[in-house]
Amino acid sequence: MDATSASDLDDAGSAAAYNLAFVIADGSDCTPAWNGTTAIDDSSVKSRVSALTESGASVRVSFGGADGKELAEACDSASALAEAYGAALDAAGSTEADFDVEGDALADSDSVSLRSKAIALLQEDRPDLSVSFTLPVMPDGLDDDGVALLESANDHSVQVSTVNIMTMNYASSYGGDMGDYAEEAASATHEQLMDVFGTSDSTAWGALALTSMLGVNDVDNETFTLEDAAQVREFADDKGVAWVSMWAAFRDRACDEDSSSDDPLTNCSGIEQEDGAFGEAFSG
């Protein structure tokens, strides 16, 4: 969910949790801000959180994302970074933190280590804090940088509740069935989780989540359909996966062909569908 702007599609599928995107650094400072520009305690965000949680759903603060500077790249100590993370969580009234690490930040071993140290400190002060990592994936699983991030978290005694894989945007050569690719990516990552954390088969499935990009993806030849969403939901139920989710709720609608502002890569799915149809498909 966009943390600052409401959408008519917010409640499609009766979500159990909303990921609020994204808290990053305000410029180059170790100061948390929504999308790097909006203060974490902004009144519009507070109102948005209140509206989203009226149904009993929880909110998860998502740190990072594909754009801007992740706080671990801006802060110079684990204690300062933990404080920045904690301030954003408090502003949203959340006990769930997601760290969406991708691009250059994922390959930056210094910030990966600093983040692990900071999260460990944060969990010492907040024993009820649930931590998830959102990571890019391929049909054959996480890349070496993704595995290294999880190993760093484990080495620093971070209690990782969930690893959320982004089953999307593989490469233009992947022109096959997106539902099948999601299952392949999940199965490969499941094996990696057992190896990194030393968990059982069932525990690793329960620590895995899948997030798909609705409709037209950012990569040519990739379109995630409503049939794919139903397939992913059935697979997740069968395996006992922690959750399924989507990028993003405000895209869960067909594009208006007569609108110059509609773009399938930003605010609509690019396929024929009813409003909220993906939310319904993912909710089962």
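The structure under discussion appears in the preceding block.
Below you will find a few notes about this structure. In this text, all values refer to a predicted model and were calculated from it rather than measured experimentally.

### A closer look at the overall build of the protein
Counting its regular elements, the protein contains 10 helices and 11 strands. Overall, the C-alpha framework of the protein stretches about 50 × 45 × 35 Å when taken along its three principal axes. Counting every position in the protein, which comprises 284 residues, the buried fraction comes to 50%. Taken as a whole, the protein presents about 12,300 Å² of accessible surface, with 42% of it coming from carbon and sulfur.

### Here's the deal with the state of the cysteines
A full pass over the atoms with the stated rule returns 2 disulfides. A disulfide bridge connects Cys-30 with Cys-75, and the sulfur atoms are separated by 1.9 Å. An S-S torsion of about 85 degrees defines the bridge between Cys-30 and Cys-75 as right-handed. Here the residue Cys-30 occupies a position in the loop between strand 1 (17–25) and strand 2 (32–34), and Cys-75 occupies one in the loop between helix 2 (71–74) and helix 3 (78–92), the gap between them amounting to 45 residues.

### So, the packing of aromatic side chains
For the coordinates displayed, the defined rule picks out 12 aromatic pairs. Ring geometry for Tyr-170 against Tyr-174: centres 5.9 Å apart, planes inclined by 55 degrees, an arrangement best described as tilted. The buried category is assigned to Tyr-170, whose relative accessible area is 7%. Note on Tyr-174: relative accessible area 24%, which makes it partly exposed. When the ring centre of Trp-243 is taken as origin, the NZ or CZ atom of Arg-60, which lies over that ring, is 4.0 Å away.

### Some thoughts on the packing of helix 3 against helix 5 (residues 109–125)
Here helix 3 crosses helix 5 at 60 degrees, and the two axes come no closer than 8 Å. By the angle between their directions, the pair helix 3 and helix 5 is classed as oblique. For the pair helix 3 and helix 5, the sense of crossing is right-handed. On the side of helix 3, the interface is formed by Ala-78, Ser-79, Leu-81, Ala-82, Tyr-85, Gly-86 and Leu-89, while helix 5 contributes Leu-114, Arg-115, Lys-117, Ala-118, Leu-121 and Leu-122. Here the residues of the contact of helix 3 with helix 5 are counted per class, giving 9 nonpolar, 2 polar and 2 charged.

### Overview of helix 6 (residues 144–155)
Relative to the 16 Å expected for 12 residues at 1.5 Å per residue, helix 6 spans 16 Å between its end C-alpha atoms, a close match to the ideal helical length. Those residues of helix 6 lying buried are Gly-146, Val-147, Leu-149, Leu-150, Ser-152 and Ala-153. Structurally, helix 6 contributes buried residues whose contacts are with helix 4 (104–107), helix 5, strand 6 (130–136), strand 7 (160–167) and helix 7 (178–197). The N-cap residue of helix 6 is Asp-143: its side-chain oxygen and the backbone nitrogen of Asp-145 are 3.1 Å apart. Immediately downstream of helix 6, the backbone of Ser-157 shows phi near 65 degrees, a positive value.

### Digging into the pairing of strand 6
With respect to burial, strand 6 is a largely interior element, 5 of its 7 residues being buried. Two strands pair when backbone bridges link them, and strand 5 (residues 96–100) and strand 6 are joined in this way by 5 bridges, in the parallel orientation. Following the sheet pairing, Glu-96 is matched in strand 6 by Ser-130. Examined bridge by bridge, strand 6 and strand 7 share 6 bridges and lie parallel to one another. Considered in strand 7, the bridge of Thr-134 is made with Asn-164. In this view, the connection linking strand 6 to its parallel neighbour strand 7 by way of helix 6 has right-handed handedness.

What counts and what doesn't
- Counting starts from 1 at the beginning of each chain's written sequence and moves along it residue by residue.
- The predicted nature of this model means local features are confined to residues of pLDDT at least 70 and side-chain atom pairs, given and counted, to a pLDDT of 80 or more, with totals for whole chains, interfaces and linings taken over all residues.
- Hydrogen atoms and water are omitted, and side-chain values are computed over all heavy atoms in the structure.
- Each helix corresponds to a stretch of at least 4 residues labelled H or I by DSSP, and each strand to a stretch of at least 2 residues labelled E; elements are numbered beginning at the N terminus.
- Each residue gets one of three labels from its accessible area relative to the maximum for its type: buried under 20%, exposed over 50%, partly exposed in between, using a 1.4 Å probe on protein chains only.
- Residue-level accessible areas treat just the shown protein chains as cover; the underlying method is Shrake-Rupley with a 1.4 Å probe.
- Any two cysteine sulfur atoms lying within 2.5 Å of each other are counted as a disulfide.
- Pairing of aromatic rings covers Phe, Tyr and Trp, the last counted by its six-membered ring, and requires centre-to-centre distances within 6.5 Å; plane angles under 30 degrees mean stacked, over 60 mean edge-to-face, and any other angle means tilted.
- We call a charge positioned over a ring when the NZ of a Lys or the CZ of an Arg lies within 6 Å of the ring centre and within 35 degrees of the ring normal.
- A fitted line through C-alpha atoms serves as each axis, taken over the contacting stretch for helices, and the angle formed by two N-to-C directions is quoted from 0 to 180°.
- In these notes the angle categories are as follows: under 35 degrees is roughly parallel, over 145 is roughly antiparallel, 65 to 115 is roughly perpendicular, and the rest is oblique.
- Note: crossing handedness is left-handed where the near helix turns anticlockwise from the far helix by less than a right angle, and right-handed where it turns clockwise.
- Pairs of residues are marked as contacts when any of their non-hydrogen atoms sit within 4.5 Å.
- Charged residues are taken to be Asp, Glu, Lys and Arg, nonpolar residues to be Ala, Val, Leu, Ile, Met, Phe, Trp, Tyr, Cys and Pro, and polar residues to be all remaining types, Gly included.
- Expected helix span is taken as 1.5 Å per residue step, with the number of steps being one fewer than the number of residues.
- Each polar contact in these results corresponds to two N or O atoms within 3.5 Å; when the atoms are within protein, one needs to be able to donate a hydrogen and the other to accept it, and residues that are neighboring in sequence are counted only if both atoms are side-chain atoms.
- A pair of strands is treated as paired once DSSP finds two or more bridges between them.
- When the strands point away from the viewer and the connection leading from the first strand across the helix to the second strand turns clockwise, the crossover is called right-handed.

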